[in-house]
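# Per-entry structural report
As a plain string of letters, each chain reads:
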Amino acid sequence: MNKKFKPRHTGTTLMLAATLTIIQLINQEWNGNIIRLEAEIQQEAKSGIMLPVYQEAFAEEIQPLQYRYIKGCSLSRKIQRQIFHVCEDSNLSFELVMSLIYEESGWDPGCISDNGESVGLMQIQKRWHKKLMDKIGCTDLTDPVQNIRVGTELLKRHFCTYLDPAWALMAYNGGKAYADRMIKANKLSAYAVRILRRAARYERSNGI
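Parameters and conventions
Within each chain, residues carry numbers counting from 1 in the order of the written sequence. With the structure being a predicted model, the display of local features is reserved for residues of pLDDT at least 70 and the display and counting of side-chain atom pairs for 80 or more, all residues being used for whole-chain, interface and lining totals. Calculated side-chain values reflect all of the structure's heavy atoms, with hydrogen atoms and water omitted. In DSSP terms, a helix is any run of H or I states spanning at least four residues, a strand is any run of E spanning at least two, and both are numbered starting from the N terminus. Relative accessibility decides the category of a residue: with a 1.4 Å probe and only protein chains considered, values under 20% of the type maximum give buried, values over 50% give exposed, and everything between is partly exposed. The set of buried Ala, Val, Leu, Ile, Met, Phe, Trp, Tyr and Cys residues whose side-chain atoms join them within 4.5 Å is what this entry labels a nonpolar core. Contacts: residue pairs with any heavy atoms within 4.5 Å of one another. Two rings from Phe, Tyr or Trp (for Trp, the six-membered ring) form a pair when their centres sit within 6.5 Å of each other. Planes less than 30 degrees apart are called stacked, planes more than 60 degrees apart edge-to-face, and all others tilted. Put simply, a charge is over a ring when the Lys NZ or the Arg CZ is close to the ring centre, within 6 Å, and near the line of the ring normal, within 35 degrees. Here the rule is simple: two strands pair whenever DSSP picks up at least two bridges between them. A fitted line through C-alpha atoms serves as each axis, taken over the contacting stretch for helices, and the angle formed by two N-to-C directions is quoted from 0 to 180°. For classification, angles of less than 35 degrees are called roughly parallel, those exceeding 145 degrees roughly antiparallel, those between 65 and 115 degrees roughly perpendicular, and all remaining angles oblique. The handedness criterion is simple: a crossing whose near helix is rotated anticlockwise from the far helix by less than a right angle is left-handed, and one whose near helix is rotated clockwise is right-handed. Note on residue classes: Ala, Val, Leu, Ile, Met, Phe, Trp, Tyr, Cys and Pro are nonpolar, Asp, Glu, Lys and Arg are charged, and everything else, Gly too, is polar. Expected helix span is given by 1.5 Å per residue-to-residue step, counting one fewer step than there are residues. The directions from the helix axis to the C-beta atoms form the arc being described.

### Quick word on unusual backbone geometry
Unlike most non-glycine residues, Asp114 shows phi in positive territory, near 55°. Tracing the sequence through the fold places Asp114 in the loop between strand 1 (112–113) and strand 2 (118–119). Since its relative accessible area comes to 48%, Asp114 is described here as partly exposed. For Asn115, which is not a glycine, the phi torsion comes out positive at approximately 55°. Position of Asn115 among the secondary structure elements: in the loop between strand 1 and strand 2. Assessed through its relative accessible area of 84%, Asn115 is described here as exposed.

What follows is the structure in structure tokens.
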């Protein structure tokens with residue numbers, strides 16, 4: 001008697017197929033939920049209304065850089081923004097650097113003194129800082145941004161050495177040997193004091 005062939009484990013095969021179908025449906029729903037969630041987050045970011053759980057993660061992306069300016073400064077706002085960027089990159093106080101620039105050059109990019117040796121906003125002397133200029137790519141010390149990049153790098157190095165704003169400023173002004181003598185004598189230069197006091201006024205004016 002002929003018997004029809006009946007494949008083994010038919011029930012198991014059907015169950016497996018059903019399970020795979022369910023998994024596919026779940027994945028589709030999950031992917032759809034993810035897409036909808038991403039759309040909601042983007043919409044919230046655009047509208048400015050975000051759930052607390054997302055605020056920290058998206059803070060840097062949705063919040064523009066808050067520029068600060070110095071009231072009464074003769075430099076254009078564009079140049080001040082460029083200086084602000086350099087200060088942010090160097091982890092230096094914008095107000096302190098702007099105060100130093102005023103002390104050095106009166107905010108005049110074309111300022112030249114010391115018989116032509118000191119040039120630009122931060123009064124850089126090429127003969128002492130040629131290697132640093134080459135490293136940074138500075139070819140024109142009368143260019144405000146190039147000058148500031150050299151000057152802030154010098155100031156940052158002094159900060160790393162002395163870990164004190166007044167001492168760093170004295171080293172910037174008169175060199176390390178001069179700063180060391182003043183520190184040993186427990187003195188602060190009038191130059192450093194003026195810059196720090198002016199920077200404090202700028203900070204108060206900017207609400208810092």
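### Details of the nonpolar core
With 43 residues, the main nonpolar core has Ile83, Met98, Ile101 and Leu155 as its most contacted residues. Mapped onto this core, the elements with two or more residues apiece are helix 3 (77–90), helix 4 (94–105), helix 5 (126–136), helix 6 (144–162), helix 7 (165–174), helix 8 (176–184) and helix 9 (190–205). For Met98, the residues in contact, after removing those within four places along its chain, are Ile70, Cys73, Leu75, Gln80, Ile83, Trp107 and Tyr202.

### A short note on the packing of aromatic side chains
Evaluated as defined, the whole model comprises four aromatic pairs. Pairing Tyr67 with Phe84 gives two aromatic rings, centres 5.7 Å apart and planes at 65°, and the pair type is edge-to-face. One end of the pair, Tyr67, is in the loop between helix 2 (52–62) and helix 3; the other, Phe84, is in helix 3, with 17 residues separating them in the sequence. Judged by relative accessible area, which is 2%, Phe84 ranks as buried. Pairwise contacts between aromatic rings join Tyr67, Phe84 and Phe94 into one cluster. In this structure, Arg77 is placed above the aromatic ring of Tyr69, and the distance from its NZ or CZ to the ring centre is 4.0 Å. Taking NZ or CZ as reference, Arg81 lies 6.0 Å from the ring centre of Tyr67, over its face.

### Let's talk about the sheet that holds strand 2
The sheet built from three strands is open, its strands ordered 1-2-3 with antiparallel pairing. Sheet topology places strand 1 and strand 3 (124–125) at the edges, where each strand pairs with a single neighbour. Note: strand 1 against strand 2, two bridges, orientation antiparallel. Looking at strand 2, one finds that Ser113 is bridged to Ser118.

### Things to note about the side chain of His158
Following the sequence through the fold, His158 ends up in helix 6. Residues in contact with His158, not counting those within four places in the same chain, are Leu163, Ala168, Ala171, Tyr172 and Lys176.

### What to know about the packing of helix 6 against helix 7
At a minimum axis distance of 8 Å, the contact between helix 6 and helix 7 shows a crossing angle of 130°. Comparing their axes, helix 7 and helix 6 come out oblique. Two packed elements cross with a definite hand, and for helix 6 against helix 7 that hand is right-handed. Where helix 6 approaches helix 7, its residues Gly151, Leu154, Leu155, His158, Phe159 and Tyr162 are matched on the opposing element by Pro165, Trp167, Ala168, Leu169, Ala171 and Tyr172. Across the contact of helix 6 with helix 7, the residue classes tally to 10 nonpolar, two polar and no charged.

### With respect to helix 3
With 14 residues, helix 3 ought to run about 20 Å at 1.5 Å a step, and its terminal C-alpha atoms sit 20 Å apart, in line with that. Listed in full, the buried residues belonging to helix 3 are Ile79, Gln80, Ile83, Phe84, Val86, Cys87 and Ser90. The buried residues of helix 3 occupy an angular sector of 165° when the element is viewed end-on, so they sit on one face. Across helix 3 from its buried face, at more than 90 degrees, point the exposed residues Arg77, Lys78 and Asp89. Check the buried side of helix 3 and you find it contacts helix 4 and helix 6.

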